[in-house]
Amino acid sequence: MQYNHKEIEENWQKFWADNQTFKATNPAQSSDKGDADKPKYYVLDMFPYPSGAGLHVGHPLGYIASDIYARYKRHKGFNVLHPQGYDSFGLPAEQYAIQTGQHPAKTTEANITTYRKQLDKIGFSFDWSREVRTSDPAYYKWTQWIFIQLFNSWYNKDTDKAEDIATLISIFKKEGNATVNAVADAEIKPFSSEAWKAFSKTEQEAILLQYRLTYLSDTEVNWCPVLGTVLANDEIVNGVSERGGHPVVRKKMTQWSMRISAYAQRLLDGLEKIDWPQPLKDSQTNWIGRSQGAMVSFDVEGGTSKRSTDIKLSYKELEALKELRLNLSKAEGILWDELKNKKGAAKFRKKYTIGSFLVDYVCLSKNTIVEFSGKEDEAARTAFFAKEGFNVLRITNEEVTESVLKVVVKINNALQFPTVVKVEKPIANSKSATYKIDVFTTRPDTIFGVSFMTLAPEHPLVSKIVTGAQKKAVNAYIKATAKRSERERMADVKTISGVFTGAYALHPFTGKKVQIWIGDYVLANYGTGAVMAVPCGDQRDYDFAKYFDIAIPNIFEGIDISEAAHTGKEGTTIANSDFLSGLKYKKALKLAIFEMEKRGFGYGKINYRLRDAVFSRQRYWGEPFPVYYKDGMPQMIDEKHLPIVLPEVEKYLPTEAGEPPLGRATTWAWDSRGKKVVSNEKLKNKTVFPLELNTMPGWAGSSWYFNRYMDATNGGVFASKESLDYWKEVDLYIGGSEHATGHLLYARFWQKFLFDKGIVPVDEFAKKLINQGMILGTSAFVYRATAFVKNGCDIDKSNDDVLAKIPILFVSKNNFSSDAEFETVVKNYLLDKGFLNPNFADLVMITKTPLHADVSLVNSSDELDVEAFKKQPINQDYKKAIFLLKDGKYIVGREVEKMSKSKYNVVNPDDIVEEYGADALRLFEMFLGPLEQAKPWKTSGISGVYSFLKKFWKLYVDENGVAVSDEKATKEELKTLHKTIKKVAEDIENFSFNTSVATFMIAVNELTALKCNKKEVLAPLLVLLSPYAPHITEELWSKLGNKESISTADFPVFDAKHLVESAKKYPISFNGKMRFTIELPLDLSKDEIEAAVLADEKTIAQLAGVAPKKVIIVPGKIVNIVS
RNA sequence: GCUCAAGUGGCGGAAUUGGUAGACGCGCUGGAUUCAAAAUCCAGUUUUUUCGGAAGUGCGGGUUCGAUUCCCGCCUUGAGUACCA
């Protein structure tokens, strides 16, 4: 009986589908399988976008790996959830629709059918009963629902989580917005509770919009005119659109945004507790871009500014303070032990200066001071602290020594119910200055090196401060900058440009005048759009100063800055900086911030690069928003009425008026009374309102699909609580690294939000993530000879004739090794065959042009099927071409490139499955190399795993059918089996699938050599191999008489006793170089080994009479003789 | 520029608490079988060699009895990212 992969695979794929073998059971569902008692394991692949091209062999790589792991976990007794679905909204289907008029839903449906067929052929253990499609209204109903939840939430920095907007409204009603510590729009005006109540409904809504986690605002967006839509930052690569490479410009539009910036710190912190690849974590860290520094406010010269006259704390005083902090009294120490563990919003500091007072403890976020009573100036202190907005709690030494817990309770109460509340004050500054320039800096320690300031040309202050004389130049510069696209500005980093505004700022410490410039090296949308320039410490500032001849004061001790700025910070000592002089970076940084805070013109701040994510797209094929507009204010449609289904349109293009495609829909208005979508004609009615015309971006649906799989068919809720609590999170997530700053960041953001709202039980959705490497194609090249008449030669009629005679010629790779040789070979051939007149030989030059040849025409020895090549329709022109062979073969050149149609190197998995079977494909994809690594595909290699499968089959089956005996296995056979169990289990746990395929090959080679046919060995071996090659193992499993699928058979247990050895072939090395081996019993002592080795004649020969200096013996491992 | 990852036969790759470098497979060479081919089986395949050996994991150094593995410097390739103050 021969191994017939086709028959076997078809049968078992049908069996699995008919029996729903891989359907995962939820705990609530009644189950005859008893799966709910098993521990759960959730294995997920990043679901694919079903493109028209179908799958190539690179796509299933990750799916095969996750499938092996899922199957392994089933053998190990887990209840495994392994679902699959489609990210089916997207641009390609829409663009196809624009070109052909075909509805994207239709194209998508057809593509999904193709994908499903291809996937089914590979034998995945997906639970298809849980399939999701993001474009299915039953699915996007819940995407819309999540959007509404975001709209109805705000981010409370005090509790550090998202809260219902109702809590915010009740605060507004009670005390206005002064006490609210929220992540919100930058420009929010303060108002009292009375003012809030006096606002109209629309005004109130406009204010709330500034706090909501998804909000509508006029934002500068990346507009791509060719695609007719906005793009998110991560959809732009090198200044052009990721899809299609079209130019992108900045444009102001009213857009929905997601307040992801509220989660910047938590997204960063969360990375520590998830097992994701380091490079991916690095790129998320980079993208979030946390930088620690200070906000500093500079006054613009003009008013009658009064400088703060506060006495600054000298370095000595600071040191003394530090001393105080370390030497606490007994009571102080006891209390500090309790307070220091408080984190986050109630974090305490000890011995801190407030104004000119030193307080014992302070919780800055809660504006609460705790100090021991009995200080001389208590009355003055209380008054000052109250003025500054602090709540003071006084305690006594006795209280603490008696019961520190009581004191802590007292403090906690004070924190919860503060009597005085601080008014969030802007940087307090000398009020007389007309304008201030706020800057963010990561190097407040270098503030004495400031010699000028630079504003972004777009900075709103520019027009206000520019002086008469400079107005013309400044305006011209702004105009010139605006004309340049973002891309030009980015590409052109080297050119230094800028204009002096004529205005001066005052250095906050020294009061010295510094020039204010504008320059396009300062970006309007990062930080405050302005920088304090420290030319000696920043290369860009340095270049700018050099170019415009501005002073470059040196504030670094012993550093030469005549050539370049000094950007290092460790080990540098600050000089010429007043109270900072003589300090190292770290201390100077702290002290500078300390002084700024004390004097009120600056404060320590953490800045993030992460911007809020624009959530509107001017496209058709995406989720519609559950939003209508009343009085220009967005209104959410009640969740009862979801989904709001995508309307039909005639054309998928924007309207003539420039509205998104949904602007073409004729039935796209919301009847607020009838609670349904109605015809636009009814918009005249007072209760009918226009619906949102934008759709959601591609990442909306993919930001939560992993939760939906847990309870995919639930019509009542997003997923039931029991299901969410049971499956919790993805245990293993496999997919490409290209989603690092897109999908994987947004999904983490939504998960954290859903967690805050108590909807999901965990705040990170995937415990472990693996990025599979790309499979590259191995392109094949043929080399065409092209003849030219050399430059400088007279071109006359005869030259044309010379070239006309030369035929199209392809030269086999084994004919030449260099371009020169190529030319010689071709010329010799042409001369030989009379295609070239020897008189003109020197006039003609031959060059080599490599052309892609279809890889399917090349065999495993790189030999091209020339006849088939000529027959290909695309090679019409080469029908009569001459192929210059060698040894009767045409050998192609090879090069590794990305798989793509245009390179003719795409391999379709269907063809591989047809010829070698799904099991061979699965084994081969794993055998190619480590999962995470990029590696080239070469179809010829598959013969190795294919013949392995045939050999494997032969262990069980001979000409007459199954030939497995019940005899006891030999020691050798058991050793092979257990060696294999151990290695394979370790490999799967470590995701080292390539090495376990090698292990299987070794096992089969050994068992074949031993002529093993014992069931005792062969039955467990089937289970071991079944995750990798499920079809052949199912077939043999049933042939052995089993009635159930192999998929839940117990994984064989490793028993170390089968691997125990009595002797070891010791490698004997001399000075670390292995020379020969000696077999010795393993139970010898060190001395016995040494004696035996030194007595051996090979050792004596090697030593050649020289006495060994030292003998190193590691029993069971190695012997090393030093001579 | 910065950050990260990786450099091992003709090719994909294996080997890490530092202990026999090149497992396994492809390709190649020779042989068996066959009228022939495919398939299958057997042997060989890092380099060099005076057939005893010797050298060898990108390059240079270091630590060690012993380094593909650890440390320092450099080179190359790949990926990500960038006027981020």
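Procedures and definitions
Residues numbered from 1 in each chain as written. Chains lettered and ligands numbered in written order. Predicted model: local features only at pLDDT ≥ 70, side-chain atom pairs only at ≥ 80, totals over all residues. Heavy atoms only, no water. Near = heavy atom within 4 Å. Polar contact = N/O pair within 3.5 Å; in protein donor to acceptor, adjacent residues only side chain to side chain. Nonpolar A, V, L, I, M, F, W, Y, C, P; charged D, E, K, R; others polar. Phe/Tyr/Trp six-rings, centres within 6.5 Å; stacked < 30°, edge-to-face > 60°. Helix = DSSP H or I, 4+ residues; strand = E, 2+ residues; numbered from the N terminus. Buried < 20%, exposed > 50% of the residue type's maximum accessible area, 1.4 Å probe, protein only. Lys NZ or Arg CZ within 6 Å of the ring centre and 35° of its normal. Contact = heavy atoms within 4.5 Å. Domains from an automatic or database assignment. Pairing = 2+ DSSP bridges. Axes fitted to C-alpha atoms, helices over the stretch in contact; angles between N-to-C directions. Core = buried A, V, L, I, M, F, W, Y, C linked by side-chain atoms within 4.5 Å. Salt bridge = Lys/Arg side-chain N within 4 Å of Asp/Glu carboxyl O.

**Q** Help me get a handle on the protein's contact with RNA strand B, residues and values and all.
**A** As a matter of local geometry, RNA strand B sits amid 53 residues, with Thr442, Tyr526, Ser861, Leu928 and Gln933 nearest to it. One of the side-chain nitrogen or oxygen atoms of asparagine 1005 is found 3.4 Å away from a phosphate oxygen of RNA strand B. When the residues that make up the surface near RNA strand B are grouped by side-chain class, the tally is 22 nonpolar, 18 polar and 13 charged.

**Q** Before we move on, could you go through the packing of aromatic side chains and cite the residues and values that matter?
**A** Tallied over the entire structure, the rule returns 79 aromatic pairs. Between the aromatic rings of phenylalanine 89 and tyrosine 140, the centroid separation amounts to 5.7 Å while the plane-to-plane angle is 35°, which identifies the pairing as tilted. Of this pair, phenylalanine 89 sits in the loop between strand E2 (79–81) and helix H3 (91–100) while tyrosine 140 sits in helix H5 (residues 137–151), and the two are 51 residues apart along the sequence. The residues phenylalanine 89 and tyrosine 140 share a single accessibility class, namely buried. Look at phenylalanine 810 and phenylalanine 883: their rings are 4.9 Å apart centre to centre, the planes differ by 20°, and that puts the pair in the stacked class. Highlighted residues: phenylalanine 810 in strand E31 (residues 809–811) and phenylalanine 883 in strand E33 (residues 882–884), separated in sequence by 73 residues. What makes phenylalanine 810 buried here is its relative accessible area of 0%. Through a chain of ring-to-ring contacts, three or more aromatic side chains come together here, namely Tyr41, Tyr69, Tyr72, Phe78, Phe991, Phe993, Phe1000, Tyr1028 and Phe1051. For arginine 609, the ring lying beneath its charged end belongs to tryptophan 287, and the centroid distance is 4.8 Å. For arginine 748, the ring lying beneath its charged end belongs to tryptophan 276, and the centroid distance is 5.9 Å.

**Q** Please set out the environment of glutamate 1034 residue by residue, giving values where relevant.
**A** Here glutamate 1034 lies in helix H34 (residues 1030–1039). Taking C-alpha positions, glutamate 1034 is 8.8 Å from isoleucine 8, a pair spaced 1026 residues apart along the chain. When residues no more than four places from it in sequence are discounted, the contact partners of glutamate 1034 are Trp12, Trp16, Ser1045, Ile1046 and Ser1047. One polar contact links the side chain of glutamate 1034 to the main-chain amide nitrogen of isoleucine 1046, over a distance of 2.9 Å.

**Q** I'd like a description of the environment of glycine 888, backed by residues and values.
**A** Along the polypeptide, glycine 888 turns up in the loop between E33 and strand E34 (893–897). By relative accessible area, glycine 888 is classed as exposed at 60%.

**Q** For the domain arrangement of chain A, give the residues involved together with the corresponding values.
**A** We note that the domain assignment places domain 1 (315–416), domain 2 (436–606), domain 3 (775–897), domain 4 (920–930 + 944–1058) and domain 5 (1063–1122) within chain A. Domain 4 and domain 5 are separated by 38 Å when their C-alpha centres are compared.

**Q** Kindly report on the sheet that holds strand E5 (residues 182–183), identifying the contributing residues and their values.
**A** Pairing within the open sheet is antiparallel, and its three strands lie in the order E4-E3-E5. The sheet is open, and its two edges are formed by strand E4 (161–164) and E5, each paired on a single side. Where strand E3 (residues 153–156) lies against E5, two bridges are found, and the strand directions are antiparallel. Bridge pairing links asparagine 156 to alanine 182 in E5. Relative to E4, helix H6 (residues 165–175) is tilted by about 75°, and along the sheet it contacts E3 and E4.

**Q** I'd like a rundown of the nonpolar core, residues and numbers included.
**A** Core analysis: the biggest nonpolar cluster contains 93 residues, and Trp256, Phe615, Tyr705, Phe718, Tyr733 and Trp750 have the highest contact counts within it. For this core, the leading source of residues is H5, giving nine residues. Here phenylalanine 615 is in contact with Phe147, Trp256, Ser257, Met258, Phe625, Thr695, Met696, Pro697, Trp699, Ala700 and Trp750, once residues within four sequence places are set aside. Membership of the second largest hydrophobic core comes to 85 residues, among which are Ala918, Val984, Val1017 and Ala1019.

**Q** So what's going on with the sheet that holds strand E1 (residues 40–45)? Which residues, and what values?
**A** Reading across from one edge, E2-E1-E28-E29 is the order of the four strands in this open sheet, with parallel pairing throughout. In this open sheet, the two edge strands, each paired with only one partner strand, are E2 and strand E29 (766–771). Pairs of neighbouring strands in the sheet enclose a mean axial angle of 20°, with direction left out of account. In terms of strand pairing, E1 meets E2 through three bridges, oriented parallel. When the sheet's bridge partners are listed, tyrosine 42 is paired in E2 with leucine 81. Relative to E1, helix H2 (residues 60–75) is tilted by about 170°, and along the sheet it contacts E1, E2 and strand E28 (730–735).

**Q** How would you sum up the side chain of histidine 459? Please name residues and give values.
**A** Along the chain, histidine 459 falls in the loop between strand E17 (452–455) and helix H16 (462–465). Residue classification places histidine 459 among the buried positions, given a relative accessible area of 15%. Contacts of histidine 459, omitting those with residues within four sequence positions, involve Thr528, Gly529 and Ala530.

**Q** Please provide a residue-by-residue account of the pattern of salt bridges, values included.
**A** Inspection of the entire model under this criterion finds 41 salt bridges. For the salt bridge of glutamate 205 with lysine 201, the shortest nitrogen-to-oxygen distance reads 3.3 Å. With a gap of four residues between them, glutamate 205 and lysine 201 both fall in helix H8 (residues 201–209), about one helical turn apart. Judged by relative accessible area, lysine 201 falls into the exposed class, the value being 60%. Between lysine 752 and glutamate 764 there is a salt bridge; the shortest N-O distance is 2.8 Å. Note that lysine 752 is positioned in helix H24 (residues 743–756) and glutamate 764 in the loop between H24 and E29, a separation of 12 residues in sequence. Note on glutamate 764: relative accessible area 5%, which makes it buried. By sharing partners, the salt bridges in this structure join Glu109, Arg116, Asp120, Glu131 and Arg133 into a single network.

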